[in-house]
Amino acid sequence: MHNSGKNITAAFVMTMLLIAGCTKEKNVTFGVNDKVVYEDKSLKTKRKSDAEYISILYTNLYQVPISPNQLYKTQNVIYSIGDRNVANEMVLSNYFNTSTLKIPKDSEMRADVAAFVEKCYKRFFLRYPSEGEKTFFINYINSNPNVSVEMVYTAFSVSDEYQYY
Amino acid sequence: MVTAGTVAAPYILPTGRMFARTNAPKAEYVVMVMFAGGVRQQESVLQRYLDDSQEVTGAAGNIMPNLFTGIAPDRKIVYGTDPGGGATRGSEPIPRILSQSMEDTGAVFKEMSAISAGHYVGLNTLITGSLGTAQGLKTRPKYPTIFEYLRKHAGFAALDTWFIANGLGNSTPLLNSSKNEDYGLQYGGNMFAAPYTFGGVGREILGNGKPYSRADLDPMYFMKNFLDQSFGLNPNQLETIKNTDEEKTKIKEFIRAVFQRQDQGLIPRPPVSDNGDAVTISYAAEVLRHFKPKFLTLNMSAVDGCHSNFTGYLRSLHRADHSVGWLWNYIQNNIPEMSGKTIMIIAPECGRNLNPNPILDENDWYAYDHSDANAMRVWSVMVGKNVPKISVGSEGNKVGKLTDIVPTIADIFGVYDEVKASPYLDPQSKSLFLRM
């Protein structure tokens, strides 16, 4: 008798739990607002390897990836020169001597210097310029009619910041 | 004897720091040759040729006539050029370039101690003057290099100090600077791994560059310098040596000029230049001719073929002597600014074993590795301005060690005490001028 009472109680509890567990779940959808994430220059503390630097630079300028063979050869040539900046500048000047680069025309730069400067910072540094940086470049480009897109791109490409991430 | 104790007048470094030279300079220029990649005493300074290596009795003699004084072997000549016509390969020795051997005009340290029987540590010893036997490959020297000492203490500009490496292997392109916190890359020397920079691949990657004018470059550097200031890299984050914008421009102009001179067939070459060392030496001569650097060191390595080819080793040794003799001659006759004002120092970074390994070559001669006590035996030759004619030490009487080379160079440039005060230098090292 005593055991039979316990069994009835247990069955009752299990039934109630089963009923409670079968409650239909609410259909909730979570969303994320679109947000473009840019880098912060103060957080760029890791230097790109030569291979990373060359492949990123090449892709940036040609909009196609560099071939492994070309990457290997370029990497070795850079390693063969003591001042890496000299090597990078020479590699870059070879790139600028080719016709397949994907860069804006000088007239496009001159048409909207502020937009060009902002695009440069985003393209090379993956961040927006500060007001000071923006002002410097706008003033410099506007007051120096001989400054070309090639010159600005060279300055960004061989800058210290472009070699870090 | 020349000593290192004279106090000279103070002068002001380019940095603006007042600085008193610790001793009078002995010469205006130094060229150091890191000779060849593991050289046995027996076939070089001891002039025993096959007598001591392959048990060919009566085949002793000098196969390095530009460095050492002595009669050439008269048996089994294989180290020269090929006369053709069915004659024995290599049976025509290359004629001596110098009118007198360096031994006849300079100082020879006949028996010195190497610090290591390996290449990279040996090269580090020559270039740092330190006992860094724990030096690893693929890392920069643990201790300051001679480039850093000279740039920091003698006030040399980056273009005053050059290292011409023989290639990309064995981590040699890293020897132009340490990352030492007291010295480091801001004081590093310029460097070309010349056979690669100026070889086919270098030409493909660098040879089509735009020759920017000053008017092009000034805005580029102005904008770059603004960006760099904005980023604010710390000196300890430097990963490359530092040239000024003007120095960088000069280096780029030089690289372009070399490619043009290649096209015009104007690169000077030793008369026999059929191996990599001759190519390295050629570009060292180009750098000397163009920049007239106060200090240049170059690395050779062809004799390392001795691991598997003794005949090839003899040929490379003979050619290394030929190339170095040619370079010394080139400086005297083609670079008037350096002629009569230069000291050349030559030393292998390590020796080679007493006993051979089992590998036989085309002449059935055994090859040699470098790992035993015999590989710790080396020599050094010094020639040029203010170097007396003297022979120091002998077999069984070691005088000097490879860590002496750095203080010797410091002594030549008048910054001996400052460099000797470095805690990174082998404390027992000293100028070879003080060991004469």
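Within each chain, residues carry numbers counting from 1 in the order of the written sequence. Each chain is given a letter, starting from A, and each ligand a number, starting from 1, according to the order in which they appear as written. Residues qualify for local features only when their pLDDT is at least 70, as the model is predicted, and side-chain atom pairs are given and counted only at 80 or more; totals for whole chains, interfaces and linings, by contrast, use all residues. The side-chain figures draw on all heavy atoms in the structure; neither hydrogens nor water molecules are used.

(A) A look at the overall build of chain B. The number of helices and strands found in chain B is 11 helices and 10 strands. Taking 436 residues into account, the globule formula puts the C-alpha radius of gyration at 22 Å, and chain B, at 22 Å, falls close to it. Principal axes of the C-alpha set define a box for chain B whose edges measure 70 × 50 × 40 Å. Sequence-distant contacts, at least 24 apart, represent 73% of the contacts inside chain B between residues at least 6 apart. For accessible areas, the Shrake-Rupley method is used with a probe of radius 1.4 Å. Any residue's cover is judged against the shown protein chains and nothing else. In the form shown here, chain B has an accessible surface area of approximately 15500 Å², with 50% of it arising from carbon and sulfur atoms. Two residue types count as positive, namely Lys and Arg, and two as negative, namely Asp and Glu; His and chain ends fall outside the count. In this description, the location of a charge corresponds to atom NZ of lysine, CZ of arginine, CG of aspartate or CD of glutamate. Positive and negative side-chain charges of chain B, numbering 42 and 43 respectively, have mean locations separated by a distance of 5 Å. Each helix is a run of H or I in the DSSP string that is no shorter than four residues. Each strand is a run of E no shorter than two, and both are numbered from the N terminus. The reference for a compact globule is 2.2 Å times residues^0.38; the radius of gyration itself is calculated from the C-alpha atoms. Only heavy atoms matter for contacts: two residues are in contact if any of them lie within 4.5 Å across the pair.

(B) Geometry of the pairing of strand β5 (residues 161–165) of chain B. Residues and elements named next belong to chain B. Accessibility here uses a 1.4 Å probe with only protein chains present; expressed as a share of the type maximum, an area under 20% marks a residue as buried, one over 50% as exposed, and anything in between as partly exposed. Among the 5 residues that make up β5, 5 are buried, leaving the element largely enclosed by the rest of the structure. In β5, alternate side chains face the same way, and those of Thr161, Phe163 and Ala165 on one face and Trp162 and Ile164 on the other are all buried. Relative to strand β7 (residues 295–299), β5 is paired through 4 bridges, and the arrangement is parallel. The residue bridging Phe163 from the neighbouring strand is Thr297, located in β7. Bridge count between β5 and strand β6 (residues 190–193): 4 bridges; the pairing is parallel. By the bridge assignment for β6, Ile164 is matched with Phe192. Any two strands with at least two DSSP-identified bridges between them are counted as paired.

(C) A look at the nonpolar core. All names here are of chain B. Throughout, nonpolar core names a set of buried Ala, Val, Leu, Ile, Met, Phe, Trp, Tyr and Cys residues whose side chains join them through atoms within 4.5 Å. With 114 residues, the main nonpolar core has Phe35, Phe192 and Met344 as its most contacted residues. The residues contacting Phe35, other than those within four sequence positions of it, are Met64, Leu67, Met300, Leu317, Ala320, Asp321, Val324, Ile346, Ala347, Pro348, Glu349 and Trp379. The next biggest cluster of nonpolar side chains, apart from the first, holds 48 residues, and it includes Ile146, Leu168, Val378 and Leu402.

(D) The arrangement of the packing of aromatic side chains in detail. Working definition: rings of Phe, Tyr and Trp (its six-membered ring) pair if their centres are within 6.5 Å, and the pair is stacked with planes under 30 degrees apart, edge-to-face with planes over 60 apart, and tilted otherwise. Tallying each qualifying case throughout the model produces 39 aromatic pairs over all chains. For the ring pair B:Phe254 and B:Phe291, a centre distance of 5.1 Å and an interplane angle of 55° mean the geometry is tilted. Taken as a pair, B:Phe254 in helix α7 (residues 245–263) and B:Phe291 in helix α8 (residues 276–291) lie far apart in primary sequence, 37 residues in all. The exposure classification of B:Phe254 matches that of B:Phe291, with both residues buried. Two thresholds decide whether a charge sits over a ring: the Lys NZ or Arg CZ must be within 6 Å of the ring centre and within 35 degrees of the ring normal. The aromatic ring of A:Tyr162 is capped on one face by A:Lys48, whose charged end is 3.9 Å from the ring centroid.

(E) Representation of the interface of chain A and chain B in the model. Each side of the interface is counted separately: chain A has 45 residues, and chain B has 46 residues. Joining two parts hides part of their accessible area as seen by a 1.4 Å probe, and the buried area is that hidden amount summed over both. Across the chain A/chain B interface, buried area totals approximately 4200 Å², and carbon plus sulfur atoms make up 62% of it. Contact with chain B buries area across many residues of chain A, yet A:Tyr79, A:Met90 and A:Asp160 alone supply 15% of it, more than any other trio. Here, a salt bridge means any side-chain nitrogen of Lys or Arg that lies within 4 Å of a carboxyl oxygen of Asp or Glu. Counting across the interface, chain A meets chain B through 5 salt bridges. A:Glu89 is the salt-bridge partner of B:Lys252, the closest N and O atoms lying 2.5 Å from each other. For this analysis, a polar contact is any N or O atom pair within 3.5 Å, provided that within protein one partner can donate a hydrogen and the other can accept it, and provided that sequence-adjacent residues contribute only side-chain to side-chain pairs. The interface formed by chain A and chain B includes 24 residue pairs in polar contact (both at pLDDT 80 or more). At the level of secondary structure, the elements contributing two or more residues to the side of chain A that touches chain B comprise α3 (68–79), α4 (84–95), α6 (113–125), α7 (131–143) and α8 (149–157) of chain A. Broken down by element, the residue count for the side of chain A that touches chain B peaks at 9 residues, all from α4(A).

(F) Representation of a nonpolar patch on the surface. Residues and elements named next belong to chain A. A patch consists of residues whose relative accessible area exceeds 30% and which take part in no salt bridge; residues with like charges are grouped when within 9 Å of each other, and nonpolar side chains (Val, Leu, Ile, Met, Phe, Trp, Tyr) when within 5 Å. A grouping of Phe12, Val13, Met14, Met16 and Leu17 is seen on the molecular surface, where their side chains present a nonpolar patch of about 530 Å² in accessible area. For Met14, the position within the fold is in helix α1 (residues 2–21). Judged by its relative accessible area of 55%, Met14 falls in the exposed class.

(G) Geometry of the pattern of salt bridges. Residue and element names in this part refer to chain B. Per the stated rule, a full pass over the model turns up 34 salt bridges over all chains. In this structure, Lys292 engages Glu337 in a salt bridge whose closest nitrogen and oxygen atoms are separated by 3.9 Å. Placement of the pair is Lys292 in the loop between α8 and β7 and Glu337 in the loop between α9 (310–334) and β8 (342–347), with a sequence separation of 45 residues. By relative accessible area, Lys292 is classed as partly exposed at 25%. Judged by its relative accessible area of 36%, Glu337 falls in the partly exposed class.

(H) Structural context of the confidence of the model for chain B. Residues and elements named next belong to chain B. pLDDT is a residue-level measure of predictor confidence that goes from 0 to 100. Overall, the prediction assigns chain B a mean pLDDT of 93, with 95% of residues at 70 or greater. Taken together, the stretch residues 1–9 has pLDDT below 50 and engages in 23 contacts with residues farther than four places along the chain or on a different chain. We note a pTM of 0.89 for the whole complex and an ipTM of 0.92 for its interfaces.

(I) Spotlight on the environment of A:Ala155. Position of A:Ala155 among the secondary structure elements: in helix α8. Along the primary structure A:Ala155 and A:Glu89 are separated by 66 residues, whereas in three dimensions their C-alpha atoms are 9.3 Å apart. Among all residues touching A:Ala155, those that are not within four sequence positions of it are B:Met220, B:Met223, B:Lys224 and B:Leu227.

(J) Quick peek at the sheet that holds strand β9 (residues 377–384) of chain B. All names here are of chain B. With respect to topology, 8 strands assemble into an open sheet ordered β6-β5-β7-β3-β8-β9-β4-β10, the strand pairing being mixed. Of all strands in the sheet, those bounded by a partner on one side alone are β6 and β10 (390–392). Neighbour to neighbour, the strand axes of the sheet diverge by 15° on average, direction disregarded. Pairing geometry for β8 and β9, over 4 bridges, is antiparallel. Helix axes are fitted only over the stretch in contact, all axes being lines through C-alpha atoms; the angle between N-to-C directions runs from 0 to 180 degrees.

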